[in-house]
Each structure stands twice: as structure tokens, then as C-alpha cells.
Amino acid sequence: MAPKRVLTLWNDEGLNNQDIPVLRKVSEEIAVPFDKETKQQIQALVDSFLCRDDASGLAAPQIGINKRMIIFRNKTGDSDKPLTMDDCDVLINPRITQTRGEKVTAAEGCLSCPDVQVDVSRFPEIKIRAVNEKGEKVSKRYLDWTARVVQHEIDHLDGTLIVDYEGNLYYPKNKQALIDKIFKES
Ligand SMILES: [Zn+2]
């Protein structure tokens, strides 16, 4: 399946008013077992992620699908090798069932928020209940960077993005005018 365009809150011209409502919508639970449309959408998410080398994860609303599914790298692997499904977890209807430890702050980027990074505080350990891409129930535990990525991707399913957090905002100097414009408009 051809990879889908990644939606963004803005582009170099300013706010992206067509993409914003999709990125901001609370996504729907997926019925299990999957119907044909859902299977195709899962494949679209997988294909759209595997072809990229610039992302830790991707959530369905980022490719225009308001359903609760995410994909992400399950290890900090060898970035020289092409990404395969062995390097990824797909979680459908993910639910955080437990968090542990004190929140840790780190700068995060997002394909849907081009050119910026924001300091976000996340739990260093989480437990998840979900369904995998085969429709099987799974319980998973994630640590550190992967735990951060999963919390970031689940945020997308609720219409939350890194710019909603209060932490420091980082961007290249040559984007100053654009950033001023975007944050005044929104
Ligand atoms: Zn993101």
C-alpha cells in the first residue's frame, strides 16, 4: 500500500487548517475482530511507518485515520538497517494500566509539528493492555525511551500534541517568524 501523507498542524505558510481537525479529534475504539476496512487501515499505518527513518512512532490520526492504533520502534536498534516489523510494535486500542517512577523531562519532536521540539515530562515505566495487529490481546511493559514514545503516540489518539505541554519550546532561528505567526494564530 502506498505510504500516506503525514498530517501537520502547520506548514511553512502557517497553520494547516485542513489537517488540524483530524489531528485534534479524539479517535474511536476499533472493533475486534477487525473488519476489512480496519485491516486495510492497519496495513496503511504499517506501510507509512516502515518507509520512514525519521520517526520513533506514528499514530493513525497522523495519516488521516481517526482510529485508536499506533506503531512505534520497540527497541533502539541499528538505524543503518531498513526498518522491519521485528523492530516495531503495533498497538490497537492501547490503554495504560500502570505507571511507575517519577516523570522524566526530555525534548520530543513530532512529524505533525515540523521543526519544533518541546520538553515533555513522561513516566519512565508503563504497562499497557491492547490488541496487536493480529487481533490478539497483549499486555506489555515499556521502559525509558520506548515508554516515552508510547505515551506520545497515545496522546495523538486523544488529540493531544507536544505543543500542548508547557515545557520549553525549541526551534531553529530561521523559523522564528513562522513560529511567532503560528503561536499567535492558535
Ligand atoms: Zn507525534
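Residues numbered from 1 in each chain as written. Predicted model: local features only at pLDDT ≥ 70, side-chain atom pairs only at ≥ 80, totals over all residues.

(A) Highlighting the overall build of the protein. In terms of regular secondary structure, the protein is built from four helices and ten strands. Taken over C-alpha atoms, the radius of gyration comes to 16 Å for the protein, in line with the 16 Å a tight globule of 186 residues would show. By its C-alpha atoms, the protein is 50 × 40 × 35 Å across when sized along the principal axes. The proportion of buried residues among the 186 residues of the protein is 31%. Across the protein, contacts joining residues at least 24 apart in sequence account for 65% of those joining residues at least 6 apart. (Helix = DSSP H or I, 4+ residues; strand = E, 2+ residues; numbered from the N terminus. Rg over C-alpha atoms; globule rule 2.2 N^0.38 Å. Buried ≥ 20, exposed ≤ 12 C-beta atoms within 10 Å, placed from the backbone. Contact = placed C-beta atoms within 7 Å.)

(B) Region of interest: the pairing of strand β8 (residues 125-131). Relative to β8, strand β5 (residues 88-100) runs antiparallel, the two sharing six bridges. By the bridge assignment, Ile-92 is partnered in β8 with Val-131. Two strands pair when backbone bridges link them, and β8 and strand β9 (residues 137-143) are joined in this way by seven bridges, in the antiparallel orientation. Residue pairing in the sheet places Ile-126 in a bridge with Tyr-142 of β9. Connecting β8 to the antiparallel partner β9 that follows it, the hairpin turn spans five residues, and Gly-135 within it adopts a positive phi of roughly 90 degrees. (Pairing = 2+ DSSP bridges.)

(C) Looking closely at the sheet that holds strand β7 (residues 117-122). Read from one edge of the open sheet, three strands run β6-β7-β10, paired in antiparallel fashion. The open sheet terminates on both sides in strands that have one partner only, identified here as β6 (104-108) and β10 (169-170).

(D) A look at the nonpolar core. Counting 25 residues, the largest nonpolar core has Leu-45, Met-69, Ile-70, Ile-71, Leu-91 and Val-150 as the members making the most contacts within it. Elements represented by at least two residues in this core include exactly α2 (36-50), β3 (57-59), β4 (69-73), β5, β8 and α3 (144-157). Once residues lying within four places of it in the same chain are set aside, the contact partners of Ile-70 are Gly-57, Ala-59, Leu-91, Pro-94, Glu-153 and Ile-154. In this structure, Leu-9, Trp-10, Ile-162 and Ile-182 belong to the second largest nonpolar core, which totals eleven residues. (Core = buried A, V, L, I, M, F, W, Y, C linked by C-beta atoms within 7 Å.)

(E) Geometry of the sheet that holds β9. Read from one edge of the open sheet, five strands run β3-β4-β5-β8-β9, paired in antiparallel fashion. Strands at the two margins of the open sheet, each flanked by one partner only, are β3 and β9. Going across the sheet, the axis of each strand differs from the next one's by a mean of 40 degrees, ignoring polarity. (Axes fitted to C-alpha atoms, helices over the stretch in contact; angles between N-to-C directions.)

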